[in-house]
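Structure at a glance
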Amino acid sequence: MHIAVLGMGCPKCKATERNVREACQTLGIDAEVTHVADPREFAQMGVHMTPAVVVDGTVLFSGKVPTVEELKEALQKLRS
């Protein structure tokens, strides 16, 4: 599983990345988590608001910092 956190590096983007990593660790998901800071890549992924979380090409969250619980719920749905 590849999870991309999209954002320029602001505190909200960093919080999103921390939450993603915590959710993966809690669920035991061995995911490759990357941070994408290039606005051109945001546009290619269809993201217009950051922070955003994209899992295997699917935008799960955009324009908000998802909580660890929200991320866990979304990731569990993807796994099933």
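We now turn to the structure provided with this report. As the structure is a prediction and not an experimental result, all values here were calculated from the model.

Attention now goes to the overall build of the protein. A count of helical and extended segments in the protein gives three helices and four strands. In the protein, the succession of helices and strands from N to C terminus is β-α-β-α-β-β-α. Relative to a compact globule of 80 residues, whose C-alpha radius of gyration would be 12 Å, the protein shows 11 Å and is just as compact. Seen through its C-alpha atoms, the protein measures out along the principal axes to roughly 30 × 25 × 20 Å. The burial tally for the protein puts 40% of its 80 residues in the buried class.

Here strand 3 (residues 52–55) shows a buried face lined by Ala52 and Val54 and a second buried face lined by Val53 and Val55. Pairing of strand 1 (residues 2–6) with strand 3, which is carried by four bridges, proceeds in the antiparallel orientation. The residue bridging valine 5 from the neighbouring strand is valine 53, located in strand 3. When strand 3 meets strand 4 (residues 58–62), the two strands line up antiparallel, connected through four bridges. Looking across to strand 4, one finds that valine 55 is bridged to threonine 58.

Overall, mixed pairing links the four strands, which are arranged 2-1-3-4 in an open sheet. If you trace the sheet from one side to the other, it starts and ends with strand 2 (32–36) and strand 4, each paired once. Neighbouring strand axes in the sheet, compared pairwise and without regard to direction, differ in orientation by 20° on average. In the sheet, strand 1 pairs with strand 2 via five bridges, with the strands oriented parallel.

A separate point is helix 3 (residues 68–79). Taking 1.5 Å of rise per residue, twelve residues should cover 16 Å, and helix 3 covers 16 Å from first to last C-alpha, within 8% of that figure. Its buried side turned inward, helix 3 meets strand 1, helix 1 (11–27), strand 3 and strand 4.

Criteria and thresholds
- Residues numbered from 1 in each chain as written.
- Predicted model: local features only at pLDDT ≥ 70, side-chain atom pairs only at ≥ 80, totals over all residues.
- Heavy atoms only, no water.
- Helix = DSSP H or I, 4+ residues; strand = E, 2+ residues; numbered from the N terminus.
- Rg over C-alpha atoms; globule rule 2.2 N^0.38 Å.
- Buried < 20%, exposed > 50% of the residue type's maximum accessible area, 1.4 Å probe, protein only.
- Pairing = 2+ DSSP bridges.
- Axes fitted to C-alpha atoms, helices over the stretch in contact; angles between N-to-C directions.
- Expected span 1.5 Å × (residues − 1).
- Contact = heavy atoms within 4.5 Å.

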